[in-house]
Every structure is written in structure tokens, then in C-alpha cells.
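An overview of the molecular structure
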Amino acid sequence: MNEIKELTQIEIENILDETINLSIISKLLNLKLITEKQYYVLKEKIKNFY
């Protein structure tokens, strides 16, 4: 049996914010505006924030 979890508005906003932030740093890395090391540091900070 599959249970469907209903997300609160805050949970939805946090998922969207995290996704947007990860997308931004990914783009910065692709544009070579940040180093790979900076990317992983920022990625961890973002993951830990949410």
C-alpha cells in the first residue's frame, strides 16, 4: 500500500528554495564562476540549511 504524504506550504517552499539554490550554484560552476570545491561547500551548506 502506498501512502501519500501531504506537504505543508512551508515544506513545499523549502523544497522549491533548495532546488532553486542548488540550480544557481550548479549554473555558477558551469560558468566557471566558482570552483568545484566551492560548489561542494555551498551544496553542503544548502543541504544542511533545509
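Just above, that's the structure.
What counts, and at which threshold
- Residues numbered from 1 in each chain as written.
- Predicted model: local features only at pLDDT ≥ 70, side-chain atom pairs only at ≥ 80, totals over all residues.
- Heavy atoms only, no water.
- Patch = residues over 30% accessible without salt bridge, like charges linked within 9 Å, V, L, I, M, F, W, Y side chains within 5 Å.
- Areas by Shrake-Rupley, 256 points an atom, 1.4 Å probe, with all protein chains shown as cover.
- Salt bridge = Lys/Arg side-chain N within 4 Å of Asp/Glu carboxyl O.
- Helix = DSSP H or I, 4+ residues; strand = E, 2+ residues; numbered from the N terminus.
- Buried < 20%, exposed > 50% of the residue type's maximum accessible area, 1.4 Å probe, protein only.
- Contact = heavy atoms within 4.5 Å.
- Expected span 1.5 Å × (residues − 1).
- Arc of directions from axis to C-beta.
- Core = buried A, V, L, I, M, F, W, Y, C linked by side-chain atoms within 4.5 Å.

On the surface, Leu7, Ile12, Ile15, Leu16, Ile20 and Ile24 cluster together into a nonpolar patch covering about 520 Å² of accessible area. Here leucine 7 is to be found in the segment before helix H1 (9-30). Residue classification places leucine 7 among the partly exposed positions, given a relative accessible area of 41%.

Next up on the list: the environment of isoleucine 46. With respect to the secondary-structure elements, isoleucine 46 resides in helix H2 (residues 36-49). Once the C-alpha coordinates of isoleucine 46 and leucine 22 are considered, the two residues, 24 residues apart in sequence, prove to be 7.4 Å apart. Once you skip the residues sitting within four places of it in the chain, isoleucine 46 turns out to touch Glu18, Asn21, Leu22 and Ile25.

The next point concerns H1. For H1, which comprises 22 residues, the first-to-last C-alpha distance of 31 Å matches the rise-based estimate of 32 Å (1.5 Å per residue) to within 8%. Those residues of H1 lying buried are Glu18, Leu22 and Ile25. Projection of H1 onto a plane perpendicular to its axis shows the buried side chains occupying an angular sector of 65 degrees, all on one side. Of the exposed residues in H1, the ones pointing more than 90 degrees away from its buried face are Gln9, Lys27 and Asn30. Following H1 by one or two positions, lysine 32 adopts a phi angle in the positive range, close to 60 degrees.

In terms of nonpolar packing, the biggest core is built from 5 residues, these being Leu22, Ile25, Ile34, Tyr39 and Ile46. When residues of this core are traced back to their parent elements, those giving at least two are H1 and H2. With near-sequence residues (within four places) excluded, isoleucine 25 lies in contact with Ile34, Tyr39, Leu42, Lys43 and Ile46.

Honestly, that's just the spatial picture; any functional story needs more than this.
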